[in-house]
Amino acid sequence: MPRVRSIVYVDGYNFYYGMVRDTEWKWLDLERCFELVRPHDDIQQIRYFTSEALGDARERQSVYLQALETLPLVTVHLGRFKGRSLTCRVRACEYTGSRRYQVLEEKETDVAISVRLIDDAYRDRADRFVIVSGDSDLVPAVRLLRERFADKQIIVYVPASAGTRRAAAREMRRIAHKHRTMPAEPLRRSQLPEVIQTPGGAIEKPASW
């Protein structure tokens, strides 16, 4: 029996903060990881969506993205961060300076995932769409995909530790045909080599994160 064609869509920051941040698994081989998660699928592509990190993390992230680009099935989609000014509303705060402060918001990722989902469905690039995210902003795109392509299957993996608030992701779980909490074991078993040799030179795992 032929394996089902699938595409995996990884919401990078959702995945990082839900599964990876406090672990030793940051040098992750996404291709190996999802081959373990979906061993019976014929994975056509793994789309990894993220934004360029700021500050000290930028160089480490750049090295990791270079490593991902050596994996045949992985495609990296970069978004961006945008500054936003907010007002502190904590009434008990005794600070006498300006109550305005700046935060950074990741932009374009949920839109980019949504566009790729619909485009891949219309181009019939897969029969199964595996979404690794608990972000409810993706619900409209998933709903449209289900309405327009009744023969396509949508599976959601929520990247979070079981039992945590982040693991709830009720809207994403409800809209999918099947849903699961992302298992941790494949991450442990899917680390890249510490040194990756490429025609352009060696890519080395960062000494610290």
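Note: the structure precedes this text.
Predicted, not measured: the structure shown is a model, and the values here were computed from it.

(A) A look at the pattern of salt bridges. Throughout the structure, instances matching the rule amount to 12 salt bridges. Measuring nitrogen to oxygen at the nearest pair gives 3.0 Å for the salt bridge that ties arginine 123 to aspartate 119. When its relative accessible area of 24% is taken as the criterion, aspartate 119 is described as partly exposed. Aspartate 124 is the salt-bridge partner of lysine 152, the closest N and O atoms lying 2.5 Å from each other.

(B) Summary view of helix H3 (residues 57-68). Taking 1.5 Å per residue as the helical rise, H3 with its 12 residues ought to reach 16 Å, and the 16 Å between its terminal C-alpha atoms agrees with that figure. Taken residue by residue, H3 has Gln61, Val63, Tyr64, Leu65, Ala67 and Leu68 as its buried positions.

(C) Structural detail: the layout of surface pockets. For the largest pocket, the calculated volume is near 450 Å³. Within the residue set of the lining of the largest pocket, elements represented by two or more residues are helix H1 (12-20), strand E2 (41-51) and H3. No other element matches the 6 residues that H1 contributes to the lining of the largest pocket. Residues belonging to the lining of the largest pocket are distributed by class as follows: 14 nonpolar, 3 polar and 2 charged.

(D) Representation of helix H2 (residues 30-37) in the model. Of all the residues in H2, the buried ones are Leu30, Glu31, Cys33, Phe34 and Val37. Buried residues along H2 cover an arc of 160° about the axis, so they all sit on one side. Where H2 begins, the capping side chain belongs to aspartate 29, and its oxygen is found 3.1 Å from the backbone nitrogen of glutamate 31.

(E) Representation of the side chain of arginine 47 in the model. Along the chain, arginine 47 falls in strand E2. Arginine 47 sits in the buried class, given a relative accessible area of 4%. The residues touching arginine 47, leaving out its near neighbours within four places in the chain, are Ile7, Val8, Tyr9, Val10, Thr75, His77, Arg116, Asp120 and Arg125.

Conventions and cut-offs
- Residues numbered from 1 in each chain as written.
- Predicted model: local features only at pLDDT ≥ 70, side-chain atom pairs only at ≥ 80, totals over all residues.
- Heavy atoms only, no water.
- Salt bridge = Lys/Arg side-chain N within 4 Å of Asp/Glu carboxyl O.
- Buried < 20%, exposed > 50% of the residue type's maximum accessible area, 1.4 Å probe, protein only.
- Helix = DSSP H or I, 4+ residues; strand = E, 2+ residues; numbered from the N terminus.
- Expected span 1.5 Å × (residues − 1).
- 1 Å grid on protein atoms, 1.4 Å probe; cavity = no way out; pocket = protein on both sides within 12 Å on 5 of 7 lines; lining within 4 Å.
- Points joined across faces, edges and corners; volume = space filled by probe spheres on them.
- Nonpolar A, V, L, I, M, F, W, Y, C, P; charged D, E, K, R; others polar.
- Arc of directions from axis to C-beta.
- Polar contact = N/O pair within 3.5 Å; in protein donor to acceptor, adjacent residues only side chain to side chain.
- Contact = heavy atoms within 4.5 Å.

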